[in-house]
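Architecture at a glance
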Amino acid sequence: MRQIAHKLAVPNPTEVARYGDVFDPNTGQIQARVALGDQAVLDAAIAAAQKAQPAWAATNPQRRARVMFRFKELVEAHMDELALLLSSEHGKVIADAKGDIQRGLEVIEFCCGIPHALKGEYTQGAGPGIDVYSMRLPLGIGAGITPFNFPAMIPMWMFGVAIAVGNAFILKPSERDPSVPVRLAELMLEAGAPEGILQVVHGDKEMVDAILDHPAISAVSFVGSSDIAHYVYSRGVAAGKRVQAMGGAKNHGIVMPDADIDQVVKDLTGAAYGSAGERCMALPVVVPVGEKTANELREALLPAIDGLRIGVSTDADAHYGPVVNAAHKQRVENWIQKGVDEGAELVVDGRGFTLQGHEEGFFIGPSLFDHVKPTMESYKEEIFGPVLQIVRAADFEEALRLPSEHQYGNGVAIFTRNGHAAREFAGRVNVGMVGINVPIPVPVAYHSFGGWKRSAFGDINQHGMEGIRFWTKTKTVTQRWPDGSPDGSNAFVIPTMG
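Residues numbered from 1 in each chain as written. Predicted model: local features only at pLDDT ≥ 70, side-chain atom pairs only at ≥ 80, totals over all residues. Heavy atoms only, no water.

1. A look at the sheet that holds strand β3 (residues 29-35)
- One open sheet holds the 3 strands; their spatial order is β1-β3-β2, and the pairing between them is mixed. Looking at the sheet topology across the chains shown, the edges are occupied by β1 (2-4) and β2 (19-24). This sheet shows a mean twist of 35° between the axes of neighbouring strands, independent of strand direction.
- In terms of strand pairing, β1 meets β3 through 3 bridges, oriented parallel. Among the inter-strand pairings, I4 is bridged to a residue of β3, identified as V34.
- Running at roughly 105° to β2, helix α3 (residues 79-90) makes contact with β1, β2 and β3 of the sheet. (Pairing = 2+ DSSP bridges. Helix = DSSP H or I, 4+ residues; strand = E, 2+ residues; numbered from the N terminus. Axes fitted to C-alpha atoms, helices over the stretch in contact; angles between N-to-C directions. Contact = heavy atoms within 4.5 Å.)

Structure follows, in structure tokens:
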């Protein structure tokens, strides 16, 4: 059976005592085992990072950018290989797997412009003969703890910026689908990054805690569930680290009476059911405004849902594939039953779906609920599966209030032809990312990604200029070159005291 090892700059310093199983979600069978690391593994990675990072930080930004350019070329050249590997462990269809990789590459493209992004501020003549300038300097060693649902995109969001600005980076990916992160680290080395600049360690909570506690790691970026995000943030900050921890979501799509229902249905079926709903920016709640809109939307959704094709991850005609493992399948089905028990109307039940020839695979059919109430636990919590809930709103104000008062505040969308309504909604809604006739409002790579409330802990967002800020520290220099006047006329005077 295939063994997935750590990607370290030095040989594994300890004999592997624990392994995790990596499943093929299409068949339900174990396809590989991944080594679960310990403190010794992390110490070895940090020692290598400490050895490599000073010279990398001293490398001029243009040369670091060339490594990013080369890495981008290599990932593109290996796109098919990476997508197949990703799909085989995650279960998302090949088209979604390529999208996962491409969205990560867009951050790498941003990093190719790192010489410009790192330029600091400069003020000439802040006082008599005094100039002030700032520099953005790397932190040293950063770490990333990433989830199973985007095993290419989210690691590249983190390590791309961290490495481009001059840090070394230690990545702990999900043990459920670890092969693509290892392959990306191999390609980064091939692109010209020194040994030790990007390393991959595998593990569970033991490794997470070791990362959060290690004094040599200056900053940690995390994406996962909100409870764990809060834990990571609290423990990391207590250890003196800079931490950004992105949590769960329950994104809403507001459908105004003037919306193009046909387009809304197309957007919803992709945003709610694509990638089996295993996305923090999925759209699992739709809020039609008015009974007429709700009834029309429901009737239009039914044939669209019926037309969804669920298949193995290599099925080019499939809209989505299996969920990641048996435990997650059971969790999603439990939430469906919870919704039924709470009194929501289960219009389409995706439980019990099987795929011929793949009866042991982790497949779930699409589900649709109507008449979901904000008091229901199935509405309050993230289901993270192919389940769409209809929450009916009487008017615009109620529709605005629903996402604004929800515990999560990652993303929200409004579908309308009315520019005033869209502008009013975007300005007032208490959510971090807003789409206007855009169902999944993930910002482009040169803007930043980040939610509000229990969707994010920490003050600085992912990628874009916010990412530059997170992975660097600012040094400000005030300089004066005296002319040596013998009468002392060149004495230093603080500008505000002159």
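2. A look at unusual backbone geometry
- Look at N437: it is not a glycine, yet its phi comes out positive at around 60°.
- Within the element layout of this structure, N437 appears in the loop between β18 (433-436) and β19 (452-453).
- Residue N437 is classed as partly exposed on the basis of its relative accessible area, which comes to 38%.
- Despite not being glycine, H463 shows a phi value in the positive range, around 40°. (Buried < 20%, exposed > 50% of the residue type's maximum accessible area, 1.4 Å probe, protein only.)

3. Some details on the packing of helix α2 (residues 61-77) against helix α7 (residues 179-190)
- Contact geometry for α2 and α7: axes closest at 8 Å, N-to-C directions at 130°. Viewed along their axes, α2 and α7 adopt a mutual orientation that is oblique. Helix-helix and strand crossings are classified by hand; for α2 and α7 the assignment is right-handed. The segment α2 lies against α7, with V67, M68, F71, L74 and V75 engaging L184, L187, M188 and E190.
- Class assignment of the residues belonging to the contact of α2 with α7 gives a composition of 8 nonpolar, no polar and 1 charged. (Parallel < 35°, antiparallel > 145°, perpendicular 65-115°, else oblique. Left-handed = near helix turned anticlockwise from the far one by under 90°. Nonpolar A, V, L, I, M, F, W, Y, C, P; charged D, E, K, R; others polar.)

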